[in-house]
Amino acid sequence: MKTKAVRMYGTMDLRLEEFELPEIKDDEILAKIYSDSLCMSTYKLAIQGKKHKRAPQNMDTHPIITGHEFAGIIVKVGKKWQDQFKPGMRFAQQPALNYKGSMASPGYSYEYYGGDCTYCIFPHETMEVGALMPFTGDAFYKASLGEPLSCSIGAMHAQYHTRQGVYHHEMGLKRGGNLIIMGGCGPMGLGAVSYGVVCDYHPKRIVVTDVNDEKIARAKEVVSPEWAKKYGVELLYVNTARMEDARAGLMELTDGHGYDDVLIYVPIPAVAELGNSVLAYDGCMSFFSGPSDKNFSARVNLYDCHYNATHIMGTTGGNNDDLIEANKLAAEGIIDPAVMVTHVGGIDSIAEATKHLPELPGGKKLAYTQFNMPMTAISDFGKLGEKDPFFKELDACCKAHKGLWNAEAEKLIFKHFGVTVDTFD
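In every chain, residue numbers begin from 1 and rise along the written sequence. Totals for whole chains, interfaces and linings use every residue, but because this is a predicted model, local features are given only for residues with pLDDT of at least 70 and side-chain atom pairs only at 80 or more, for both listing and counting. The basis for every side-chain value is the complete set of heavy atoms in the structure, and neither hydrogens nor water enter the calculation.

Novice: In this structure, what is going on with the overall build of the chain? I would like to understand it.
Specialist: The number of helices and strands found in the chain is 15 helices and 19 strands. On C-alpha atoms alone, the chain measures out to a radius of gyration of 22 Å, which is about the 22 Å that the 2.2 N^0.38 rule sets for 425 residues. Viewed in the frame of its principal axes, the chain has a C-alpha envelope of about 60 × 55 × 40 Å. In what follows, a contact means two residues having at least one pair of non-hydrogen atoms within 4.5 Å. Within the chain, residue pairs in contact and separated by at least 24 positions form 74% of the contacts whose partners lie at least 6 positions apart. Looking at the chain as shown, the accessible area adds up to about 18,600 Å², and 51% of this sits on carbon and sulfur atoms. Only DSSP runs of H or I with at least four residues qualify as helices, and only runs of E with at least two residues qualify as strands; both kinds are numbered from the N terminus onward. Computation of the radius of gyration draws on C-alpha atoms alone. For the globule rule, the value is 2.2 Å times the number of residues to the power 0.38. Every accessible area reported is derived by Shrake-Rupley at a probe size of 1.4 Å, with residue values counting cover from the shown protein chains alone.

Novice: Mind showing me how you'd approach the nonpolar core here?
Specialist: Nonpolar side chains in soluble globular proteins tend to be buried together. Residues grouped as a nonpolar core are buried Ala, Val, Leu, Ile, Met, Phe, Trp, Tyr and Cys residues, joined through side-chain atoms within 4.5 Å. Accessible area is worked out with a 1.4 Å probe on protein chains only. A residue is then buried under 20% of its type maximum, exposed over 50%, and partly exposed in between. By size, the foremost hydrophobic cluster in this structure holds 69 residues, and its most contacted members are Met156, Tyr195, Tyr237, Tyr368, Trp405 and Ile413. Here this core gets six residues from one element, more than from any other, and that element is helix α5 (residues 187-198). Once residues within four sequence positions are removed from consideration, Tyr195 is found in contact with Leu149, Ile153, Met156, His157, Tyr201, Glu325, Leu329 and Ile335. Listed in part, the 30 residues of the second largest apolar core include Ala5, Ile29, Phe85 and Cys120.

Novice: How should the packing of aromatic side chains be read in this particular structure?
Specialist: Given two aromatic rings, one states the distance between the centres and the angle between the planes to describe the pair. Here is the rule: rings of Phe, Tyr and Trp (six-membered ring for Trp) pair when centre to centre is within 6.5 Å. Planes less than 30 degrees apart are stacked, more than 60 are edge-to-face, and the remainder are tilted. Evaluation of the coordinates by the stated rule reveals 21 aromatic pairs. Ring plane angle 10° and centroid distance 4.5 Å describe the contact between Tyr34 and Phe140, whose orientation is recorded as stacked. Residue Tyr34 is located in strand β3 (residues 29-37), and its partner Phe140 is located in helix α3 (residues 140-144); the two are separated by 106 residues in the primary sequence. Summarising the burial analysis for this pair, Tyr34 and Phe140 share the class buried.

Novice: In this structure, what is going on with the side chain of Ser289? I would like to understand it.
Specialist: Turning to its location among the elements, Ser289 is positioned in the loop between β15 (279-287) and α10 (302-307). A relative accessible area of 11% means that Ser289 is categorised as buried.

Novice: Before we go on, may I ask you to explain the pattern of salt bridges in this structure?
Specialist: Side chains bearing opposite charge may pair, as long as their charged atoms lie close to each other. Within this document, salt bridges are pairs made up of a side-chain nitrogen of Lys or Arg and a carboxyl oxygen of Asp or Glu, the two lying within 4 Å of each other. Counted under the stated rule, the structure contains 16 salt bridges. Arg7 is paired through a salt bridge with Glu17; the nearest N and O atoms lie 2.9 Å apart. Taken together, the residues span a long stretch of sequence, with Arg7 in strand β1 (residues 2-10) and Glu17 in strand β2 (residues 13-20) at a distance of ten residues. Across the pair Asp260 and Lys174 runs a salt bridge, and its minimum N-O distance is 3.9 Å. With a gap of 86 residues between them, Asp260 in strand β14 (residues 259-264) and Lys174 in the loop between β10 (166-171) and β11 (178-182) connect regions that are remote in the sequence. Overall, Asp260 belongs to the buried group, its relative accessible area being 3%. Residue Lys174 is classed as partly exposed on the basis of its relative accessible area, which comes to 35%.

Shown next as C-alpha cells:
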C-alpha cells in the first residue's frame, strides 16, 4: 500500500514523499491517519537532527515519519491482535512508549510509524504497552489534542506535597490551594488551565501569567473566569510586564501566602526564577517547558528549598492513564481541547509549518493528512470567505463556537475535500 508522508532525513530536512509501505506482520496494525497536531517537540527534533535523543543515527538513509499527536482509524489488524482490535475502530495513541527502556517513539524514531502521513504501521511494542486505545469522541482533532493535554495532566498528577515530619508524598495539585501557570496563555497552557479547573483535586485559585495583552484577551474568552467559577475556582489572568514589582504583585493575589503549585510553561530563566520566588511553604514547582539548549539553567533559592520545604521537579509527556483521562474529558465535552488550536491545514503544509513553528503566531497548528490545504489561521476564514463560499461556511461554523475549531467544522472540511471516514481505500 502506498502512503504519503512527511519524512525527516536530517537537520531541518523534511520532505513530503509518496512511497510503498511493507505488508504488515502478524504483530502489527495498519492505520489510516486523519489528523495530527504539530508539536514544538518536532521542531526541536528538526533543529537537532541526529543529535536528538530519540532520533535514529541512520535517518539519512532510513528517514523517519514525523508527527506524534495523531489519530485515525484502524484498517488492518495482524493475527496477534485480532481479538483486541478491529478494522474501523477509531483510535487515540500514546507516543511515549517507554518500551523496555527505549527512547523510541512515533514521530521521532520509526521509518513507517508516525502521524504526518496518510497511512502508517503500528509496531508490536505499541500494542504491548497499551499505547493504542479506542476513541469514542465525535472528531479526530480531539484525539490528536489528547496527547498534548495528557502532558499537562501528567505534570499536575506528578506535583507533590508533604506534611511536616511525615515522609510521604501526597501526589497531585494541592487541593484548595493556589496554582500559578507562568507563560500559560499559549496552547499548552490553556489546556493546563482547563484541566486545573475541572480536575478532582482542583485549587481554589489559578493565576495565569503572560506578557502579551492580545494572548491574555483570547485566553479570557476561550477559558473564561466565569466558566471556572462554576467549578468553584477563581481564575485570574495577569500581565506581569505591567506590574511594577512582579513578585510582590503575584504574592498580593494570594494575600501573601504564595503559590502551592507553580508550573513553568515557557523556557525562560527569568520566568523560572520568578516562579521559584513565589513558592509557598511546601510549594512544588514543575519546569514543564522543555528547552532545546542542553545547558539551560536558572537560579533557584536553595535557602527556601531547605527551610520552606519547597520542591523543584519536571516531567516530559504523560502516560497511558493520562491520555485515557484526557480523551474521556474531551469525549464527554468537559474540556474542549480546541482552545489550543488557532490554525488548520493539510498534509502539504506540515513540513514548512514545522520548520517555522517558533515564528508562526497563535497556538496549535492542526493538520489533516488526507488532503492538501495551506496552513490557515481560523481568524482569517472570514476574510477568505469574501471570495470563497467554503471558507465563508467554515467561518460561520467556527464563530458559532466562540471562534474555535469544532466537530462540525471538521465534518465540513472533510466533505469539501471528499474525505471519507467510514470506508477504507
